[in-house]
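One letter stands for each residue in the lines below.
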Amino acid sequence: AFLDKLKDTEPSLKVKEALDQRQGDESMKFKILVKGDLHIGGLMLKLVEKIKTPQNWSDHALWWEKKNCWLLKNHWTLDKYGVQADADLRFTPQHKPLLLQLPNMKTIKLTISFSSVVFKAVEEICKALNIRRSEELSLLKAPDDPKKKKKKDKNKDQEEDEIIDMDVISGTAGSSLYSKTMTATYDPENGTPASATSLWFGENSLTSSQPNVPPEELAKMYQPLSMEDKSVINAGWLDSSSSLMEQGIQENDKLLLRFKYHCFFDLNPKYDAVRITQLYEQARWAILLEEIECTEEEMLMFASLQYHICKLTMSTKPVDYSDEPDIDEVEAALSHLETTLEGRNTDKILIMSFVLYRPKRLLRTFKDYWFVFKDTSISYYKNKESASGEPIEQLHLRGCEVVPDVNVTEKKFGIKLLLPVADGMNEVYIRCDNETQYAKWKAACILASKGKTMAYSSYSSEVRNIQSFLQMKSLAPPPGQAASDVESMEMNPECFVSPRYGKKYKNKQLSTRILDAHHNISQLSLMEAKMRFIQAWQSLPEFGIKYYIVRGCKKDEILGISYNRLIRIDTSTRLPVTTWRFSNMKQWNVNWEIRQVSIEFDQNVWVAFSCQSCDCRVVHEYIGGYIFLSTRSKDQNETLDEELFRKLTGGQE
């Protein structure tokens, strides 16, 4: 029964007051006589008067364990909340210590709000760590590992020694990693910080890359992951619209802070020293633990970049991030120029002879055709002579996906195009003769996918970036370069590759290959090298794809979620069956009773599935989150529309 409102009766509430850490696990219980029209603020006042302990109670609030909710609206009455006479409430601090494993695998201890929704809690964490664009990150609950439970007690003391207590550090004069009072000022026009990172927050150890772990430790951490294994890991994302306590997270629990949404907006070396370093670390561990697939050539390229970054990090010269170039003004000027050029000089044409083309089919059969790239489409003909007539087919690239299919060592320069059609995507493969041809055509394809032509000023810079990336992937030293001195490599080369690749080569062979590749990037600065690593990570075919087991009409399938598309994958062949782009999505709904997600795309294409490896909320939040992030623009300041985010990612209420 609800609280009795009769004048003569005053039902009682049991309220447990959780004392702070200084008094350990002890707690006091009080039985308070109240009426149903008493508001929450009045109940807390009665409780404080009864406790008679002089201290600041402003951070305390009431937690209703049975209903798994906070009673935060102090003006609401007990009746309005539905609090019953026998309710057991807990009077506890809203801010509690939490253990966070950062992308660099270091664990910190930080006091954050357990009553705010996770979206706000992550924003609070990122402010403390000086990471811009907190909307790209979230908290992940690691899956239970039975092996670790047995060793938990044995390694408990060792783990505690490795925890960095940010609250202790912040209280030490002159050595704070972050400031609770200093806030960066932002330019009102373009929304970027008015000063460099190091100028408003001082030195920050989170901008330094961690040394690579020994091969033996790496081997213990490494375990091959199937798509099903990845789906279990990806199921652990917390609900952004609920608080930590509401999701069963307790004081001093350990969570993983990770970049959840793989669309990194406005990455600027001048302002994002911590953000770029942590992104690099997340990418580095994904490569080393083979959480994302890459070729042997790419693995060695990543190894050479890691080696270069390690060398520069170990140098004693401090890095002044205020000297990093501000790319925003340049990008703004180019964007303005592109807008001015729109509709003009669009007659730039690329012509390619004897290019290999393969339509969507099972057999890997390539044929020679004559290709002409004009505006945002590719036309191909039987031969050069027939190019004046009607093409065999015209491929419209606006909205397509451009995926590299390259092996520089084997002189293989291919482009895979995923073209949007009514029921998903069609695959087209194009092969180029050489690096120069590949760079021009890939740059044209990338611009065309965004609806831009080769007349845009960014075309030339795009070509140069692709050529620079190809040079970085080359494992051969530049012409005239002396042979690499293996003895000059003072680090164990197995630290820079995954254990599987480390077993494939002898130590000297691996050193030689890494040093040869290092010649091509040896002139890069520390921040440039990290940015190149992140860009190379982004270019991998599997970048940003999160896998989940779902059930459609008849059987279980794998659903891949990327920043711009959904991918239906066959469980037996592991090959993509259909791709749907978010840009073609009209609406999506969730039936919370049967836990089913349904999505409508253009041309009356409907997709419906129930989630088997996770709660459907996780998939729903990913879709809504990516839609939300696509609304960001540089003319905004960095204040996010939290209400819009909750509308797109919530929906259960």
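Cut-offs and rules
Residues numbered from 1 in each chain as written. Predicted model: local features only at pLDDT ≥ 70, side-chain atom pairs only at ≥ 80, totals over all residues. Heavy atoms only, no water. Helix = DSSP H or I, 4+ residues; strand = E, 2+ residues; numbered from the N terminus. Expected span 1.5 Å × (residues − 1). Buried < 20%, exposed > 50% of the residue type's maximum accessible area, 1.4 Å probe, protein only. Pairing = 2+ DSSP bridges. Phe/Tyr/Trp six-rings, centres within 6.5 Å; stacked < 30°, edge-to-face > 60°.

Per an unreviewed UniProt entry, the chain is named PH domain-containing protein, and its organism is Astyanax mexicanus.

Asks: Hey, could you run me through helix H10 (residues 273-288) in this one?
Replies: Every α-helical turn comprises 3.6 residues, leaving residues that sit three or four positions apart pointing alike. For H10, built from 16 residues, the straight-helix expectation of 22 Å at 1.5 Å per residue is met to within 8% by its first-to-last C-alpha distance of 22 Å. Burial analysis of H10 places 16 of its 16 residues in the buried class, the great majority of the element. One or two positions beyond H10, positive phi appears at Glu-290, with a value near 55°.

Asks: Got a minute to help me understand the pairing of strand E6 (residues 95-101) in this structure?
Replies: On any regular strand, side chains alternate: one points to one face of the sheet, the next to the other face. The buried fraction of E6 is high, at six of seven residues. Pairing of E6 with strand E7 (residues 107-113), which is carried by seven bridges, proceeds in the antiparallel orientation. Counterpart to Gln-101 in the pairing with E7 is Thr-107. Hairpin remark: E6 followed by E7, antiparallel, with five residues in the connecting loop; positive phi at Met-105, about 75°. Bridge analysis of E6 against strand E10 (residues 254-259) gives three bridges, and the strand direction is parallel. The residue of E10 that forms the bridge with Leu-99 is Lys-254.

Asks: Explanation requested: the packing of aromatic side chains in the structure shown.
Replies: When we look at a pair of aromatic rings, we describe it by the centre distance and by the angle of the planes. In total, this model carries 23 aromatic pairs according to the counting rule given. Taking the centre distance of 6.1 Å and the plane angle of 40° together, the rings of Phe-413 and Tyr-438 count as tilted. Residue Phe-413 is located in strand E16 (residues 412-421), and its partner Tyr-438 is located in helix H13 (residues 435-449); the two are separated by 25 residues in the primary sequence. The exposure classification of Phe-413 matches that of Tyr-438, with both residues buried. Centroid distance Trp-537 to Phe-543: 5.0 Å. Interplanar angle 85°. Geometry classified as edge-to-face. A relative accessible area of 3% means that Trp-537 is categorised as buried. By the ring-pair criterion, three or more aromatic residues cluster together here, those being Tyr-261, Tyr-548, Phe-582, Tyr-622 and Tyr-626.

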